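Structure at a glance
Chain residues, written in single-letter form:
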Amino acid sequence: RFFKRTMDIIISLIGVVIASPFMLIIAIAIKAYDGGPVLYTQERLTRDGRPFKIYKFRSMTTKSEDKGARLCAKDDARVTPVGNIIRNIHFDELPQLFNILIGDMSVVGPRPERQVIAEKYMEEIPEFEFRTKVKAGLTGYAQVWGKYNTTPYDKLKMDITYIENYSLWLDIKLILLTFKILFVKE
């Protein structure tokens with residue numbers, strides 16, 4: 001854990017420095033589009049099922065959850081034009097570098113789920129809770145090997161594969177593969 005946390009701090013600090021100009025441009029574009037808040041926070045689950053506030057650039061309208069929590073669908077009308085661009089290049093996730101610095105997340109681990117969504121999945125797949133045996137991550141096995149429509153059961157299998165086979169080398173490999181999938185979509 002000490003080496004993983006050290007690696008998380010170093011990578012997230014480097015990431016914040018490199019991404020700062022992009023984050024500034026994105027913040028200006030979001031604010032200019034509709035005057036709403038730049039950041040979006042949402043409660044998610046990390047290690048041991050502990051809730052934390054995840055940071056993201058707001059990519060949806062300010063009224064996107066008026067009808068309750070639901071996953072974003074392909075061609076979702078709630079996504080703004082700016083949001084569509086930053087989602088396609090995954091830059092809406094850049095503020096999570098600060099979640100990593102704080103210690104709520106790791107660079108690599110299972111993607112954090114909302115409690116209400118996790119509870120829904122656990123009704124059908126009780127083992128889904130095993131994903132919270134480690135810190136949630138910005139990227140992970142399921143993000144690299146899965147697709148947008150990967151089922152919760154398949155995500156669980158991939159996340160358990162990561163947890164059971166964990167090593168710093170695997171983290172480095174998944175980070176490098178994440179950069180690859182940013183540029184090669186499928």
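None of the values given here were measured: they were computed from a predicted structure.

1. Let's talk about the overall build of the chain
Secondary structure assignment for the chain yields 7 helices and 4 strands. Across the chain, helices and strands are ordered from the amino to the carboxyl terminus as α-β-β-α-α-β-α-β-α-α-α. The C-alpha radius of gyration computed for the chain amounts to 16 Å, which stays within 12% of the reference 16 Å derived for 186 residues, consistent with globular compactness. Dimensions of the chain along its principal axes, counting C-alpha atoms only, are 45 × 40 × 30 Å. Taken across its 186 residues, the chain has 42% of its residues classed as buried. In the chain, of all internal contacts separated by at least 6 residues, the share reaching a separation of at least 24 is 70%. Element-wise, carbon and sulfur atoms account for 63% of the exposed surface of the chain, whose accessible area totals about 11,100 Å². In the chain, which carries 28 positive and 22 negative side-chain charges, the distance between the mean positions of the two groups comes to 4 Å.

2. Some words on the environment of Ile 160
Structurally, Ile 160 can be placed in helix α6 (residues 152–164). Along the primary structure Ile 160 and Arg 131 are separated by 29 residues, whereas in three dimensions their C-alpha atoms are 6.7 Å apart.

3. A few points about the layout of surface pockets
Taken as a whole, the second largest pocket spans an internal volume of roughly 230 Å³. If you go around the second largest pocket, you meet 13 residues; those closest to its centre are Arg 1, Lys 4, Arg 47, Val 134 and Lys 135. Contributing elements (two or more residues each) for the lining of the second largest pocket: α1 (2–34) and α6. Sort the elements by how many residues they give to the lining of the second largest pocket and α1 lands first, with 3 residues.

4. Some remarks on helix α4 (residues 115–124)
Of the positions making up α4, those classed as buried are Ile 117, Ala 118 and Tyr 121. Along the long axis of α4, the arc covered by the buried residues comes to 100 degrees, so they all point the same way. Lining the buried residues of α4 we find β1 (39–45) and α6.

5. Remarks on empty space enclosed by the protein
Within this structure, the stated rule accounts for 1 cavity of 30 Å³ or more. Taken as a whole, the largest cavity encloses approximately 30 Å³ of empty space. Lining the largest cavity, in full, are Ile 30, Tyr 33, Asp 34, Arg 58, Ser 59, Met 60, Thr 80 and Val 82. Its residues placed into classes, the lining of the largest cavity shows 4 nonpolar, 2 polar and 2 charged.

6. Things to note about the nonpolar core
Of all hydrophobic cores here, the largest spans 24 residues; its most connected members are Phe 57 and Leu 94. Within the residue set of this core, elements represented by two or more residues are α1, β2 (51–57), α2 (81–88), α3 (96–102), β3 (105–108) and α7 (168–183). Counting residues per element, this core draws most heavily on α1, at 7 residues. Core analysis: the second largest hydrophobic core is formed by 5 residues, Ile 117, Tyr 121, Ile 125 and Phe 128 among them.

7. Looking at the pairing of β2
Across 7 bridges, the pairing between β1 and β2 is antiparallel. Each bridged residue has a counterpart across the sheet, and for Tyr 40 the counterpart in β2 is Lys 56.

8. Re the packing of aromatic side chains
One pass over the full model with this rule turns up 5 aromatic pairs. Pairing Tyr 121 with Phe 128 gives two aromatic rings, centres 5.0 Å apart and planes at 70 degrees, and the pair type is edge-to-face. An identical accessibility class is assigned to Tyr 121 and Phe 128; each is buried. Taking 5.8 Å as the distance between ring centres and 80 degrees as the angle between the ring planes, the aromatic pair formed by Tyr 162 and Tyr 166 counts as edge-to-face.

Conventions used here
- Residues numbered from 1 in each chain as written.
- Predicted model: local features only at pLDDT ≥ 70, side-chain atom pairs only at ≥ 80, totals over all residues.
- Heavy atoms only, no water.
- Helix = DSSP H or I, 4+ residues; strand = E, 2+ residues; numbered from the N terminus.
- Rg over C-alpha atoms; globule rule 2.2 N^0.38 Å.
- Buried < 20%, exposed > 50% of the residue type's maximum accessible area, 1.4 Å probe, protein only.
- Contact = heavy atoms within 4.5 Å.
- Areas by Shrake-Rupley, 256 points an atom, 1.4 Å probe, with all protein chains shown as cover.
- Lys, Arg positive; Asp, Glu negative; His and termini not counted.
- Charge placed at Lys NZ, Arg CZ, Asp CG, Glu CD.
- 1 Å grid on protein atoms, 1.4 Å probe; cavity = no way out; pocket = protein on both sides within 12 Å on 5 of 7 lines; lining within 4 Å.
- Points joined across faces, edges and corners; volume = space filled by probe spheres on them.
- Arc of directions from axis to C-beta.
- Nonpolar A, V, L, I, M, F, W, Y, C, P; charged D, E, K, R; others polar.
- Core = buried A, V, L, I, M, F, W, Y, C linked by side-chain atoms within 4.5 Å.
- Pairing = 2+ DSSP bridges.
- Phe/Tyr/Trp six-rings, centres within 6.5 Å; stacked < 30°, edge-to-face > 60°.

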